[in-house]
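Overview (structure and organization)
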Amino acid sequence: MAKRKKEDSNNKNNSLSENVHIKGAGQVQDEVITNTLTGNFMPYAMSVILSRAIPEIDGLKPSHRKLLYTMYNMGLLQGGTIKSANIVGRTMQLNPHGDAAIYETMVRLSRGNESLLYPFVESKGNFGKAYSKNMMYAASRYTEAKLAPICHELFDDIKSDTVDFVDNYDNTMKEPTLLPVTFPSVLCNVTTGIAAGMASSIASFNLKEICETTAALMKNPDHIISDTLIAPDFVGGGFIIYDKAELDKIYETGRGSVKVRAKYTYDKKYNCIDVTEIPPTTTSEAIIDKIIELVKSNKIKEISDIRDETDLSGLKITIDLKRGVDADKFMAKLYKMTPLQDSFSCNFNVLIKGRPMVLGVKSILLEWIDFRLECIRRRITFNLDKKRKQLHLLKGLSKILLDIDKAIKIVRETESENEVVPNLMIGFGIDEIQAEYVAEIKLRHLNREYILKRIKDIEQLESDIAELEAILSSKNKMKKIIISELENVTKKYDRGRKSQVLYEINEINVDEEVEIPDYPVTLFLSEHGYLKKIKTANLRMSGEQKLKEGDKMLPEIECSNKDELLFFTNEHQVYKSKADDFADTKASALGEYVASKLEMAENEKVIYMAVLSEYTGYMIFVFENGKLAKVDVSAYQTKTNRKKLINAYSSKSPLAQAIYIKEDTDLVLCSSGGKMLLVNTAAILPKTTKDTQGIAAMKLKKTQKVTSLHLYKEGEFEKAWRFRAKNLPAAGAVPGESDVAEQITF
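From a predicted model like this one, the values you see are computed outputs, not experimental measurements.

Take the overall build of the protein next. Of the regular secondary structure elements, the protein holds 17 helices and 32 strands. Taken against the 2.2 N^0.38 rule, which gives 27 Å for 746 residues, the C-alpha radius of gyration of the protein at 42 Å runs more than 25% over that of a compact globule. Taking the principal axes of the C-alpha coordinates as reference, the protein spans close to 150 × 95 × 50 Å. For the protein, with 746 residues in total, the buried portion stands at 44%. In the protein, the proportion of contacts linking residues at least 24 apart, taken out of those at least 6 apart, comes to 69%. Total accessible area on the protein stands at roughly 40300 Å², and carbon and sulfur atoms take up 49% of it.

This is how it looks when you write it as structure tokens:
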């Protein structure tokens with residue numbers, strides 16, 4: 001018995017394994033990678049492009065359209081607001097991508113979020129702010145919404161067969177493929193999207209300017225767009241810096257960029273700047289973080305405090321200024337260094353009949369005109385058919401007027417209900433549709449007065465039909481309808497420009513250096529790369545210099561607080577700074593770590609510091625292979641404010657010593673063999689190439705190398721002529737007991 005149960009179990013397992021067997025499972029197959037990518041990625045890419053990221057000619061992405069159409073079906077064009085969670089739940093009948101994605105779409109379309117110049121959703125509650133990443137929107141169960149009045153322009157024609165409808169994802173409902181918008185909404189709101197292999201970034205324009213431009217284009221196909229369309233207009237306001245060449249490029253090609261700068265006011269009483277409008281590409285937090293970063297890096301010294309004072313009245317970033325700071329000059333500096341001035345990149349990529357196309361403003365408007373003409377044609381055709389049907393019915397009714405008693409008699413004497421319509425058709429010579437209409441008239445309406453009232457409409461219907469047929473046969477008449485609709489939209493919803501256009505800018509030269517206090521200081525640089533700047537006047541009161549364990553101080557340098565510092569590193573780079581960039585300190589402090597201060601790479605360290613009051617003199621580099629390079633220090637001067645220069649000196653041989661000299665002088669080279677060579681730098685031609693290998697200066701044996709270089713001190717050698725060579729390279733000489741041979745290094 002047990003054996004039979006075991007066999008049954010095995011048979012059952014075998015049967016189960018046969019049922020779940022997948023052809024090719026567990027087998028490794030060779031396949032060309034391009035075929036795999038084509039088969040798997042391309043359908044996904046097409047879905048993202050066509051059904052998610054790129055807007056269509058009505059200015060909406062599918063997610064926007066599904067949400068707005070759901071709200072329209074819920075009757076939210078009229079009445080009050082309802083809970084957002086309710087709307088989100090209903091929208092999932094058309095959009096199966098989850099409630100979070102749907103609610104985020106609603107937030108962006110809302111007036112409260114301030115993302116759109118012409119929002120489609122009226123909001124109640126906290127919908128966050130587009131200009132702040134920290135001001136998040138509340139959950140959908142707390143907020144309420146309804147459609148904005150401008151949505152009448154999206155839906156008023158939708159029941160007149162103006163657009164096609166398709167099944168939703170589970171074939172239980174119908175949804176529109178486009179909305180019959182009565183104005184070019186595609187150019188009235190900012191729309192951005194990242195698809196697979198392409199993206200879209202459409203700037204927003206003023207509604208009145210767009211409508212006037214569209215109307216002008218319908219009247220004259222050669223109309224110059226820039227005559228009526230001034231510049232983009234953003235919901236956040238600010239200033240548009242007018243650049244005709246760049247705008248014409250955008251109007252023509254759909255690509256380019258628009259410079260937008262923040263708007264501010266200066267409060268003289270409190271000596272502060274209030275920024276109230278910012279570019280659409282940034283946030284208040286990004287601006288504040290950037291300014292704080294510049295303050296910490298000592299690039300901005302004019303402010304004492306910055307804070308976000310945004311409240312219910314709107315955006316406000318307050319910057320407290322130090323005494324004596326010119327607000328306009330300071331803001332000109334911030335425009336160049338922070339996102340307070342930024343560029344909106346335009347890439348007008350729009351889906352036209354299922355094909356992504358990058359079009360200029362004129363081309364988009366022409367496509368919209370064609371789309372709207374088709375909507376008008378379908379609406380007129382729909383109304384024409386409706387009136388023709390009504391006229392047909394009324395003409396049948398007019399024949400009943402000739403003999404109402406006959407009609408009543410036919411109905412009364414007809415034995416079968418199914419025979420009523422055929423008998424009426426025979427009795428009055430009307431068709432089935434007319435007879436059906438007559439048969440459905442209520443008994444109370446079978447009187448002369450009712451029938452005469454209805455027949456009076458025949459003349460009006462015939463007039464309307466003739467008019468509709470005339471419009472349908474004339475493209476110009478349909479264009480006049482569109483122009484009239486555009487004028488009505490402008491009257492209803494134009495609120496003026498939000499972004500002010502700056503045609504001329506009084507550029508303030510912010511490249512001039514901020515006045516740096518000039519006072520004598522002493523610089524102390526340690527071998528480990530710590531720098532102290534101590535006022536020379538306070539140096540007498542200073543105690544012993546504090547150092548890290550194992551570190552030691554290099555010779556001190558007296559200079560001005562305005563002097564320039566060049567830090568040469570072991571990675572053949574030089575970092576430029578100013579003495580003023582380092583804070584005044586005391587001997588008891590450890591100092592600032594230069595590598596960290598100047599953002600050097602990991603394991604990069606300072607090997608020499610040159611102090612310049614002006615870019616005159618020479619940098620001398622001596623390499624272990626005995627070569628000596630003389631580089632004019634002007635080679636390190638840059639027109640821009642670059643802080644790092646690569647290839648600061650040659651990398652062909654290890655560097656033995658670097659030194660800065662203001663003018664030609666005597667130098668002493670020392671080798672590992674104990675020899676010294678006295679060289680006058682006047683005998684060496686200076687180079688402007690920073691990484692020059694130099695000339696052969698000291699002859700060395702195979703196992704020897706140059707170890708150091710120092711300035712010659714008068715009296716260092718008893719017989720200096722022994723160490724000086726007539727021609728280079730030279731071997732030098734071994735110092736005697738009477739020679740001082742101090743190796744002074746810097």
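This part covers the pattern of salt bridges. Per the stated rule, a full pass over the model turns up 34 salt bridges. For the salt bridge of Glu-485 with Arg-372, the shortest nitrogen-to-oxygen distance reads 3.1 Å. Highlighted residues: Glu-485 in helix H16 (residues 475–493) and Arg-372 in helix H11 (residues 361–401), separated in sequence by 113 residues. Between Lys-395 and Glu-462 there is a salt bridge, with its nearest N and O atoms 3.8 Å apart. Of this pair, Lys-395 sits in helix H11 while Glu-462 sits in helix H15 (residues 448–472), placing them 67 residues apart in sequence. A residue is classified by how much of its surface remains accessible, and Glu-462, at 37% relative accessible area, is partly exposed. Put simply, Asp-305, Arg-307, Glu-309, Lys-316 and Asp-320 are held in one network by salt bridges that share partners.

This part is about empty space enclosed by the protein. As enumerated under the stated definition, the model contains three cavities of 30 Å³ or more in all. Approximately 60 Å³ is the volume attributed to the largest cavity. The wall of the largest cavity is formed by Gly-59, Leu-60, His-64, Arg-108, Leu-109, Leu-116, Phe-120, Ser-185, Asn-189, Val-190 and Thr-191. Looking at the lining of the largest cavity residue by residue, the class counts come to five nonpolar, five polar and one charged.

Grouped together as the largest cluster of nonpolar side chains are 108 residues, with contacts concentrated most on Phe-155, Leu-187 and Phe-348. Looking at this core element by element, the count peaks at 16 residues for H11. Contact partners of Phe-348, with chain neighbours within four places excluded, come to Leu-187, Ser-201, Ile-202, Ala-203, Phe-205, Ile-250, Gly-254, Met-357, Val-358, Leu-359, Val-361 and Ile-364.

Ordered by their spatial adjacency, four strands build an open sheet running S28-S25-S26-S31, and the pairing between neighbours is antiparallel. The open sheet has two edge strands with one neighbour each: strand S28 (655–661) and strand S31 (695–696).

Moving on, we get to the environment of Ala-139. Of note, Ala-139 is situated in the loop between strand S2 (121–124) and strand S3 (144–147). With 13 residues separating them in the primary sequence, Ala-139 and Asn-126 have C-alpha atoms 8.7 Å apart.

On to the sheet that holds strand S29 (residues 666–671), then. With respect to topology, three strands assemble into an open sheet ordered S30-S29-S32, the strand pairing being antiparallel. Taken across any chain shown, the strands that pair with only one partner, and hence form the sheet edges, are strand S30 (676–680) and strand S32 (706–711). The average undirected angle you get between the axes of adjacent strands in this sheet is 25°. The pairing of S29 with S30 spans five bridges and is classified as antiparallel. Within S30, the residue paired with Leu-669 across the bridge is Leu-677.

With that settled, consider the side chain of Asn-189. Residue position: Asn-189 is located in the loop between strand S5 (174–176) and strand S6 (191–194). Asn-189 sits in the buried class, given a relative accessible area of 5%. Here Leu-117 takes part through its backbone nitrogen, which lies 3.0 Å from a polar atom of the side chain of Asn-189. For Asn-189, the contacting residues outside a window of four places in its chain are Leu-116, Leu-117, Tyr-118, Phe-120, Ile-202, Ala-203 and Ser-204.

Reading guide: rules and limits
Residues numbered from 1 in each chain as written. Predicted model: local features only at pLDDT ≥ 70, side-chain atom pairs only at ≥ 80, totals over all residues. Heavy atoms only, no water. Helix = DSSP H or I, 4+ residues; strand = E, 2+ residues; numbered from the N terminus. Rg over C-alpha atoms; globule rule 2.2 N^0.38 Å. Buried < 20%, exposed > 50% of the residue type's maximum accessible area, 1.4 Å probe, protein only. Contact = heavy atoms within 4.5 Å. Areas by Shrake-Rupley, 256 points an atom, 1.4 Å probe, with all protein chains shown as cover. Salt bridge = Lys/Arg side-chain N within 4 Å of Asp/Glu carboxyl O. 1 Å grid on protein atoms, 1.4 Å probe; cavity = no way out; pocket = protein on both sides within 12 Å on 5 of 7 lines; lining within 4 Å. Points joined across faces, edges and corners; volume = space filled by probe spheres on them. Nonpolar A, V, L, I, M, F, W, Y, C, P; charged D, E, K, R; others polar. Core = buried A, V, L, I, M, F, W, Y, C linked by side-chain atoms within 4.5 Å. Pairing = 2+ DSSP bridges. Axes fitted to C-alpha atoms, helices over the stretch in contact; angles between N-to-C directions. Polar contact = N/O pair within 3.5 Å; in protein donor to acceptor, adjacent residues only side chain to side chain.

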